[in-house]
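Structural features, examined
Listed below, chain by chain, are the residues.
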Amino acid sequence: MPWAAGTPPDVAARVIAVPLQQALGQTVLVENRPGASGTIGLGEVGRSPADGYTLGALHYATATVVSLYPQAKLDLNKDFIGIGQMEWGHNVLVVSPSLGVGSVAALVEFVKKQPASFASSGVGTPAHLTGLVFQRTTDTQAAHVPYNNFGQAIADVATGRVTYMALAAPAAVPQVLGGKLKALAVTGPARNPNLPGVPTVAEAGLPAMQSRTWSGLIARADTPRGV
């Protein structure tokens, strides 16, 4: 797992590990090797024996970083083979309830009047790219604040230390329902059934912000197909 414990990709991998262990009849351990937007962990997979005993969790963000930064020295098409998709989902644009912002339009007005910032778990992550799209489509400026500690990013948005964040729905929903975060829009084509009162970004007038994330399992490309 090339992301830190508690991040959305890590949670997905741990959910999958349970039925995978039952199907294989063997112990399945989730080992976190975070850093450099997931490229460090994938490098570990690439250096492990091609025997099927070491699999990698590939997240959307890592695939994006490899495209953005060729110096990552990872060729996803040549170095790895896909096994299957684990999950996909959308993000939720959130702010602190104390910010006094109740809509996307109100957030745009807020950001235009004073210095603002947005959080993410690293360069190339969905939160980072969605934050950039938000700036471009609304003609606003905000400082990008990447976090190594995912929980701290959520905490800083919840307290208003950071203005907003495009947070993965599985992480956002409990925070919103618990009153710690205010949801302004979801990036999917339809409303999230857990947040029926929150509009989509298209409904909020920002269709360019529509996006979805995904993660899956991969192995070294030279792993025997039978394995």
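This brings us to the overall build of the protein chain. Assigned secondary structure in the protein chain consists of eight helices and eight strands. Against the globule reference of 17 Å for 227 residues, the protein chain gives a C-alpha radius of gyration of 18 Å, in line with a compact fold. The dimensions of the protein chain, computed from C-alpha atoms along their principal axes, are 55 × 35 × 30 Å. Among the 227 residues that make up the protein chain, the fraction classed as buried is 45%. For the protein chain, contacts bridging at least 24 residues in sequence account for 71% of all contacts bridging at least 6. As displayed, the protein chain offers around 11,400 Å² of accessible surface, 54% of which is attributable to carbon and sulfur atoms.

This brings us to the confidence of the model for the protein chain. Confidence along the protein chain averages 92 in pLDDT terms, with 100% of residues attaining 70 or more. Put simply, helix H3 (residues 60-68) is where the protein chain has its lowest mean pLDDT, 80, and strand S7 (residues 182-186) is where it has its highest, 98.

It is worth spelling out the pattern of salt bridges at this point. This model, assessed by the stated rule, comprises eight salt bridges. When the shortest N-O distance is used, the salt bridge between arginine 191 and glutamate 203 registers 3.0 Å. Of the two residues, arginine 191 sits in the loop between S7 and strand S8 (213-220) while glutamate 203 sits in the loop between S7 and S8, which places them twelve residues apart along the sequence. On the accessibility criterion, arginine 191 (38% relative accessible area) is partly exposed. Within this structure, Glu31, Arg33, Glu44 and Arg47 form a network of salt bridges that share partners.

Moving on, we get to the sheet that holds strand S5 (residues 143-146). Here five strands make up an open sheet; going across it, the order is S5-S4-S6-S3-S7 and the pairing mixed. Every other strand in the sheet has two partners, leaving S5 and S7 as the edge strands with one partner each. Neighbour to neighbour, the strand axes of the sheet diverge by 30° on average, direction disregarded. One ladder, built from four bridges, connects strand S3 (residues 91-95) with S7; its direction is antiparallel. Pairing of valine 95 across the sheet is with lysine 182, part of S7. Against the sheet, helix H7 (residues 150-158) contacts S3, strand S4 (117-120) and strand S6 (164-168), and its axis sits at roughly 135° relative to S6.

The rules we used
- Residues numbered from 1 in each chain as written.
- Predicted model: local features only at pLDDT ≥ 70, side-chain atom pairs only at ≥ 80, totals over all residues.
- Heavy atoms only, no water.
- Helix = DSSP H or I, 4+ residues; strand = E, 2+ residues; numbered from the N terminus.
- Rg over C-alpha atoms; globule rule 2.2 N^0.38 Å.
- Buried < 20%, exposed > 50% of the residue type's maximum accessible area, 1.4 Å probe, protein only.
- Contact = heavy atoms within 4.5 Å.
- Areas by Shrake-Rupley, 256 points an atom, 1.4 Å probe, with all protein chains shown as cover.
- pLDDT = per-residue confidence, 0-100.
- Salt bridge = Lys/Arg side-chain N within 4 Å of Asp/Glu carboxyl O.
- Pairing = 2+ DSSP bridges.
- Axes fitted to C-alpha atoms, helices over the stretch in contact; angles between N-to-C directions.

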